[in-house]
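# What the coordinates show
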Amino acid sequence: MAQCLAILAPQGRDAGVIRGILDSAKMATCAVGDMRALLATLREDKAGSVVVAEEALDEDSVARFEDCLAQQPPWSDLPVILLTRGRSGPEANLSLARRLGNVTILERPLHPVTLVSAARAALRARARQHEAEEHVAALERSEQRLRESEAKYRTLFSTMDEGFCIIEFLDGPEGPLRDYVHVEANAAYERHAGIPDVVGQRLREMVPDEADAWVERYGAVLRTGRPLRFEQELVATGRHLELAAFRINPPERRQVAVLFQDVTARRQAEQALQKLNETLERRISEALAERKLLADLVEGTDAF
């Protein structure tokens, strides 16, 4: 951050005197010989403030200085200390100050204390501008990271195969926290749960016969904060789901996130396998019984 005071006072020993006063107050200074050098210093961001004598500001110089200041970034308002001798009159000085923006007018002859006080105030103002710019830049970076994170979340949310929803508990005629509404759901929710357009729907309107069981299960997650894993068949659709639920903090949000997969095919395969095993066991038992019967018949025949 530039903290140098650029001094443009082209007549006599003015620049040296001003610089000596400010250097003795432990402020970094740099003297420039003309407007071109001053503008180069500003463009290189080497100066935090400018001390300029009115005799250095003819119309051409003022126009170039004004143009340079107009090109400042939005956060910047360069402090300028204008040294006058009262020759131009207060109206002319005020007009010049309006053109140059953030101007403090000091009339010569200068008292060192007045000059040092004005210079310190200018540098403090410039430091506050830089701090504000850094704060804004930090906020913009944070917002950018947040947007990128949100974009990644939305991409994952939309493309993931697992069904996902966020439910928010409500008070209702059945009592406090005895119903909930779906506030978010991804495309896989409808695919796995078989329920379209779930966002905005209340549980007791969707599946009134199953509502109490779901409220109890997810309500326990909300109250205790303990995650839950389980399998459940949806009576309304006949689908088997494998579900995981966890509370979204803080608890005052009254929200629970639910992640699930449709395991209907797996359950049907397990049931078919179990049925096959039972059939095989029955056939084996029947075959063994027949074999024993034949053995008994053979033994009975030999006895004769």
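In short, a report on the structure. (Residues numbered from 1 in each chain as written. Predicted model: local features only at pLDDT ≥ 70, side-chain atom pairs only at ≥ 80, totals over all residues. Heavy atoms only, no water.)

### Topic: a nonpolar patch on the surface
A contiguous nonpolar surface patch, about 280 Å² in accessible area, is contributed by Leu280, Ile284 and Leu288. If you trace the backbone, Ile284 turns up in helix H9 (residues 264-302). (Patch = residues over 30% accessible without salt bridge, like charges linked within 9 Å, V, L, I, M, F, W, Y side chains within 5 Å. Areas by Shrake-Rupley, 256 points an atom, 1.4 Å probe, with all protein chains shown as cover. Salt bridge = Lys/Arg side-chain N within 4 Å of Asp/Glu carboxyl O. Helix = DSSP H or I, 4+ residues; strand = E, 2+ residues; numbered from the N terminus.)

### A word on the sheet that holds strand E5 (residues 103-107)
The strand order across the open sheet formed by five strands is E2-E1-E3-E4-E5, and the pairing between neighbours is parallel. The strands lining the two open edges of the sheet, one partner per strand, are strand E2 (29-31) and E5. When the angles between neighbouring strand axes are averaged without regard to direction, this sheet yields 20°. Pairing geometry for strand E1 (residues 4-8) and strand E3 (residues 47-53), over five bridges, is parallel. Bridged to Ala6 within E3 is Val50. (Pairing = 2+ DSSP bridges. Axes fitted to C-alpha atoms, helices over the stretch in contact; angles between N-to-C directions.)

### As for the pairing of strand E6 (residues 163-172)
E6 sits mainly inside the fold: seven of its ten residues count as buried. Direction of pairing for E6 relative to strand E10 (residues 255-262): antiparallel, over a ladder of six bridges. Across the sheet, Cys165 pairs through a bridge with Val258, a residue of E10. Inspection of the sheet shows E6 paired to strand E7 (residues 175-185) by seven bridges, in the antiparallel sense. Across the sheet, the residue bridging to Ile166 is Glu184, located in E7. Once E6 ends, the chain turns through two residues before running back antiparallel as E7. (Buried < 20%, exposed > 50% of the residue type's maximum accessible area, 1.4 Å probe, protein only.)

### Side note on the environment of Pro196
Checked against the element boundaries, Pro196 lands in the loop between helix H6 (187-193) and helix H7 (203-206). We classify Pro196 as partly exposed; its relative accessible area is 41%. Along the primary structure Pro196 and Glu107 are separated by 89 residues, whereas in three dimensions their C-alpha atoms are 77 Å apart. If we skip the residues at most four places from it in the chain, Pro196 touches Glu190 and Gln201. (Contact = heavy atoms within 4.5 Å.)

### Thoughts on the state of the cysteines
Enumeration according to the criterion identifies zero disulfides in this entry. Lacking any disulfide linkage, Cys68 is separated from the closest cysteine sulfur, that of Cys30, by 14 Å. Residue classification places Cys68 among the buried residues on the basis of a relative accessible area of 10%. (Disulfide = S-S within 2.5 Å.)

### Describing the sheet that holds E7
Read from one edge of the open sheet, five strands run E7-E6-E10-E9-E8, paired in antiparallel fashion. Two strands bound the open sheet, and with one partner strand each, they are E7 and strand E8 (228-233). In this sheet, adjacent strand axes meet at a mean angle of 30° when their direction is disregarded. Of the strands in this sheet, E6 and E7 are in contact with helix H5 (residues 112-159), which crosses E7 at around 95°.

### Here we look at the pattern of salt bridges
The tally for this structure, following the rule as stated, stands at 17 salt bridges. Two residues, Arg154 and Glu184, come together in a salt bridge whose shortest N-O distance is 3.1 Å. Placement of the pair is Arg154 in helix H5 and Glu184 in strand E7, with a sequence separation of 30 residues. Among the residues examined, Glu184 registers a relative accessible area of 21% and is labelled partly exposed.

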